[in-house]
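Fold and geometry: a report
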Amino acid sequence: MHLDISQEFVENAEKFEGTDDKPGFLRAFGQRFGLSDIAYMHLSNQKAGKKQVELVTTYSSDWEKRYVEMGYDESDPVVRNSFRGILPLDWEAVTSGDKSTKDFFGEAAEFGIGTQGVSIPIRTPEGSEALFSVSSMESSREWHSIKKHLLSDLVYLGFLLHSSLAKKCPESGVPLKLSPRERDVLTWASRGKSCWETGKILGLSERTVNFYIGNASAKLGAATKTQAVAIALRKRLILHNVIN
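Conventions adopted
Residues numbered from 1 in each chain as written. Predicted model: local features only at pLDDT ≥ 70, side-chain atom pairs only at ≥ 80, totals over all residues. Heavy atoms only, no water. Salt bridge = Lys/Arg side-chain N within 4 Å of Asp/Glu carboxyl O. Buried < 20%, exposed > 50% of the residue type's maximum accessible area, 1.4 Å probe, protein only. Helix = DSSP H or I, 4+ residues; strand = E, 2+ residues; numbered from the N terminus. Pairing = 2+ DSSP bridges. 1 Å grid on protein atoms, 1.4 Å probe; cavity = no way out; pocket = protein on both sides within 12 Å on 5 of 7 lines; lining within 4 Å. Points joined across faces, edges and corners; volume = space filled by probe spheres on them. Core = buried A, V, L, I, M, F, W, Y, C linked by side-chain atoms within 4.5 Å. Contact = heavy atoms within 4.5 Å. Phe/Tyr/Trp six-rings, centres within 6.5 Å; stacked < 30°, edge-to-face > 60°.

**Quick look at the pattern of salt bridges**
The final tally for this structure, using the stated rule, is nine salt bridges. R123 is the partner of E129 in a salt bridge, and the nearest nitrogen-oxygen pair spans 3.7 Å. Residue E129 is classed as buried on the basis of its relative accessible area of 18%.

Right under this line is the structure:
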């Protein structure tokens, strides 16, 4: 039986960071969970308002070349719609759009890209943006089953991958340390508990839980609770199934 997809990534993070073939690693990793492709796009702010685009994907080199040549990072309907919100975007929400959108997905399919997928926007404290996407060649019915099982954990995986590639965590040389309460609230958050639920479990007020999450997020350089959990998992400061 597989670990959660994010926890399995944590277990193999050193291998991922040490390999020169990151697309190959991600391809094999994703296929174990029914994913045909994984893609990461980082848009960093540059001078004169220009953005530098970093891509790490398991897509074919022909599609990556076509994507860059056509400037699809500016017109890709998935990218455009994902950055309008903060929640994961199921590609089904945009595939039935206007002609240009249908043409884009049709062209991507010609290059072997599945039409079933989900994209997760990531925003950093520094103001840059990233997008983590997974796709599948499975039928719509199979995809809905995969998505139902993986979606909440894919959010953590996106932030873990971003942390590994972008290295946004503070590296001051001083060992990063969370207090016992900070570890507790992040661990319960990793298990899907709200701040209110965590407060009931730990005998704390919701406001106090938010205080600990804020402190932990500041230490980890995280913009959101979800990002703080992902970084803490990657740094092995907390574990999914352990409460100290």
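**Topic: the pairing of strand β5 (residues 129–136)**
With respect to burial, β5 is a largely interior element, eight of its eight residues being buried. Burial along β5 is two-sided: the residues E129, L131, S133 and S135 and A130, F132, V134 and S136 are all buried. Pairing of strand β4 (residues 116–123) with β5 involves eight bridges; the strand directions are antiparallel. Its bridge partner lying in β5, S119 is registered against S133.

**Topic: the layout of surface pockets**
Volume-wise, the second largest pocket comes out at about 250 Å³. Looking at the second largest pocket, the residues that line it are I86, L87, P88, I120, P121, I122, R123, V155, F159, A223, T224 and T226. When residues of the lining of the second largest pocket are traced back to their parent elements, those giving at least two are β4 and α8 (140–166). A per-element tally of the lining of the second largest pocket places β4 first, with four residues.

**Thoughts on the environment of R207**
Its location among the elements puts R207 in helix α11 (residues 206–220). R207 sits in the exposed class, given a relative accessible area of 74%. Along the primary structure R207 and C195 are separated by 12 residues, whereas in three dimensions their C-alpha atoms are 8.3 Å apart.

**Side note on the nonpolar core**
Residues F132, L154 and L186 are the most contacted members of the largest nonpolar core, which totals 49 residues. Among the elements that make up this core, the one with the highest residue count is α8 (11 residues). When residues no more than four places from it in sequence are discounted, the contact partners of L186 are L178, A216, L220, A228, V229, A232 and I238. Listed in part, the 18 residues of the second largest apolar core include A39, L43, Y67 and W91.

**What about the packing of aromatic side chains?**
On inspection of all chains with the given rule, the structure shows 14 aromatic pairs. Plain terms: the ring middles of W63 and F111 are 5.3 Å apart, the flat faces sit at 45 degrees to each other, and that makes the pair tilted. Residue W63 is located in helix α4 (residues 61–69), and its partner F111 is located in the loop between α7 (99–110) and β4; the two are separated by 48 residues in the primary sequence. Looking at W63, the relative accessible area reads 2%, which means it is buried. Three or more aromatic residues link up through ring pairs in this structure, and these residues are W63, Y67, Y72, W91, F104, F105 and F111.

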